[in-house]
Amino acid sequence: MSYVDEVIEKTILKNPNQPEFHQAVKEVLNSLRPVIDAHEEEYKRNAILERITNPERQIIFRVPWVDDKGQVQINTGYRVQFSSAIGPYKGGLRLHPSVNLSIIKFLGFEQVFKNSLTGLPIGGGKGGSDFDPKGKSDREIMAFCQSLMTELYKYIGADTDVPAGDIGVGAREIGYLFGQYKRIHGTFEGVLTGKGLTYGGSLARTEATGYGLLYIVNEMLKNHGLLIAGKTITVSGAGNVAIYAIEKAQQLGAKVVTCSDSNGWVYDPDGIDLKALKEIKEVKRQRLTEYKNYRPASEYHSGKGVWSIKCDIALPCATQNELNLDDAKALVANGVYAVAEGANMPTTADATEYLLANKVIFLPGKAANAGGVATSALEMSQNSERLNRSFEEVDAKLKSIMEGIYHNIDKAAKKYGYEDNFVIGANIAGFEKVADAMIAQGVI
Ligand code: NDP
Ligand code: 2IT
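These notes cover the structure that comes with them. Note that the coordinates shown come from a computational prediction; the quantities given were computed from them, not determined experimentally.

**Some words on the packing of helix α16 (residues 370-385) against helix α17 (residues 391-415)**
Then, in step 1: Running from N to C, α16 and α17 point in directions that differ by 135°, and their axes come no closer than 10 Å. Looking at the two axes, α16 sits oblique to α17. Both α16 and α17 take part in a crossing whose hand is right-handed. Facing α16, whose interface residues are Ala370, Gly371, Ala374, Thr375, Leu378 and Gln382, α17 presents Val394, Lys397, Leu398, Ile401, Met402 and Ile405.

**Brief notes about α16**
Then, in step 1: Over its 16 residues, α16 extends 23 Å from the first C-alpha to the last, a length consistent with the 22 Å expected when each residue adds 1.5 Å.
Then, in step 2: Across the 16 residues that make up α16, a large majority, 13, are buried.
Then, in step 3: After α16 finishes, the residue Arg386 shows a positive phi value of roughly 55°.

**Side note on the sheet that holds strand β1 (residues 57-66)**
Then, in step 1: Judged by pairing direction, the sheet is mixed, and its five strands sit side by side in the order β1-β2-β4-β3-β5 without closing on themselves. With partners counted over all chains shown, the strands left at the sheet margins are β1 and β5 (161-164), one partner each. Taking the axes of each pair of neighbouring strands and ignoring which way they run, one obtains an average angle of 20° across the sheet.
Then, in step 2: Summarising the sheet, strand β2 (residues 72-83) and strand β4 (residues 124-129) pair through six bridges and their orientation is antiparallel. Pairing of Arg79 across the sheet is with Gly127, part of β4.

**A closer look at the site of ligand 2**
Then, in step 1: The local shell around ligand 2 holds 14 residues, among which Lys90, Lys114, Asp166, Arg205 and Ser376 are the closest.
Then, in step 2: Contact distances for ligand 2 include 3.0 Å between a nitrogen atom and a backbone N or O atom of Gly165.
Then, in step 3: Contact between ligand 2 and Ser376: an oxygen atom at 2.5 Å from a side-chain N or O atom of the residue.
Then, in step 4: Contact with the protein chains covers 94% of the free accessible surface of ligand 2, which is 300 Å².
Then, in step 5: Those elements that place two or more of their residues in the shell around ligand 2 are β3 (89-95), α6 (101-117) and α16.
Then, in step 6: Along the lines of polarity and charge, the residues of the shell around ligand 2 split into two nonpolar, seven polar and five charged.

**Structural notes on the sheet that holds strand β12 (residues 338-340)**
Then, in step 1: A sheet is described by the order of its strands in space; here five strands give the open sequence β7-β6-β11-β12-β13, paired in parallel fashion. Looking at the sheet topology across the chains shown, the edges are occupied by β7 (255-256) and β13 (361-363).
Then, in step 2: Relative to β12, strand β11 (residues 313-316) is paired through two bridges, and the arrangement is parallel. Following the sheet pairing, Ile313 is matched in β12 by Ala338.
Then, in step 3: On the sheet, helix α9 (residues 205-222) packs against β6 (232-236), β11, β12 and β13 and is oriented at approximately 155° with respect to β11.

Cut-offs used in this document
- Residues numbered from 1 in each chain as written.
- Chains lettered and ligands numbered in written order.
- Predicted model: local features only at pLDDT ≥ 70, side-chain atom pairs only at ≥ 80, totals over all residues.
- Heavy atoms only, no water.
- Axes fitted to C-alpha atoms, helices over the stretch in contact; angles between N-to-C directions.
- Helix = DSSP H or I, 4+ residues; strand = E, 2+ residues; numbered from the N terminus.
- Parallel < 35°, antiparallel > 145°, perpendicular 65-115°, else oblique.
- Left-handed = near helix turned anticlockwise from the far one by under 90°.
- Contact = heavy atoms within 4.5 Å.
- Expected span 1.5 Å × (residues − 1).
- Buried < 20%, exposed > 50% of the residue type's maximum accessible area, 1.4 Å probe, protein only.
- Pairing = 2+ DSSP bridges.
- Near = heavy atom within 4 Å.
- Polar contact = N/O pair within 3.5 Å; in protein donor to acceptor, adjacent residues only side chain to side chain.
- Areas by Shrake-Rupley, 256 points an atom, 1.4 Å probe, with all protein chains shown as cover.
- Nonpolar A, V, L, I, M, F, W, Y, C, P; charged D, E, K, R; others polar.

Here you go:
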């Protein structure tokens, strides 16, 4: 049995009932075969694959809080500190009822390679809770965030582990978490990113993941002799990543015709009205059913369906496994040119395989959505310097990081004879730096 197969088998046996974690490990390890085969003896002797699939530390804790009726509620909090090979653990916190150890581990594992691809000194981690923020009052959100931080603060710090936002965690939640950290730890430090602009946040962090997604898509198109202007794009999700992906796509002259939330989706053939979408989602925190009140000519459908709409480029920006094999078939039948993942692992393994087999350009999340964490790292460096950079400076840096990632993954794919296979390119380019740092630091 090859080293890769051996470690995949061990990972599944050692981590039962963790399907998302298995899926992420299989995807990465399978595509690393060319590089592992070339250095099998060295990697095996150093147990690099065993170490890279075993988090350095996993913390699971109880999060008690009191709701508005005076009822005590109990949730579970997680922080998985996956790898500090190239820098302090870095990655978001997710608040969603589906959160469990498998989901946090898949996200933490992906984060290791994503953070390596940014070229910045950040290791990988992820955390969150099965708390459901939907329908909660501001006071309940604050009570939950304060309780989460009352345990989490023991394990994080500006030089050890720096959490940020993810699904269900935006500026409001980061504010409450930061305030509680400062209160109980007694230091004002860059322990979280995605902070508000009045207390150490970075300009352009809010926009960074969505903008970065479009910067890498644009660079990929340019390098294939194509222009983004005039292209039709379908987007799923209506959260932080989706909104700023739509904004940058429109600025670059593309037409975005869909968005979605967990109840349904919108088709607006004239192009999504971003001002309306921001008001519904960012200001009023409402459902997408409201969109029709702003745009009577648009269609609202309940359930899922974004991928049935004809487009040149599809950008899944909601959640894991939201684009399955049937969706991939519909996209290919409609002549899609490229799929780029704004979300983490939104495409199922068989759908990815189908898209690649049908010559669809596929940019995996660890490359395509790395703009968020890259800008978080820029926020960390501004906090360390105690200086703020302008929007234009941070945005320009983000753009050059995303273009650099494109060329890096393109080069890695070509080096091993897999031109235009950016799954292989991203995994190899991300892995090589981490493996090298691990070997250099000895058996730890
Ligand atoms: P938000 O919470 O801002 O938005 C998430 C969006 O996805 C919402 O529209 C939500 O709908 C929808 N969604 C969430 N879960 C589901 C589900 N199970 N089924 C259908 N729709 C769902 O999160 P973000 O925009 O920040 O994150 C979106 C994705 O991007 C995630 O995969 C995240 O890990 C990834 N990502 C985020 C980064 C960031 O900087 N924020 C950076 C890199 C990746 P509803 O409101 O109805 O739940
Ligand atoms: O998945 C991700 O990269 C994020 N949610 C952002 C992490 C971060 O530390 O900014």
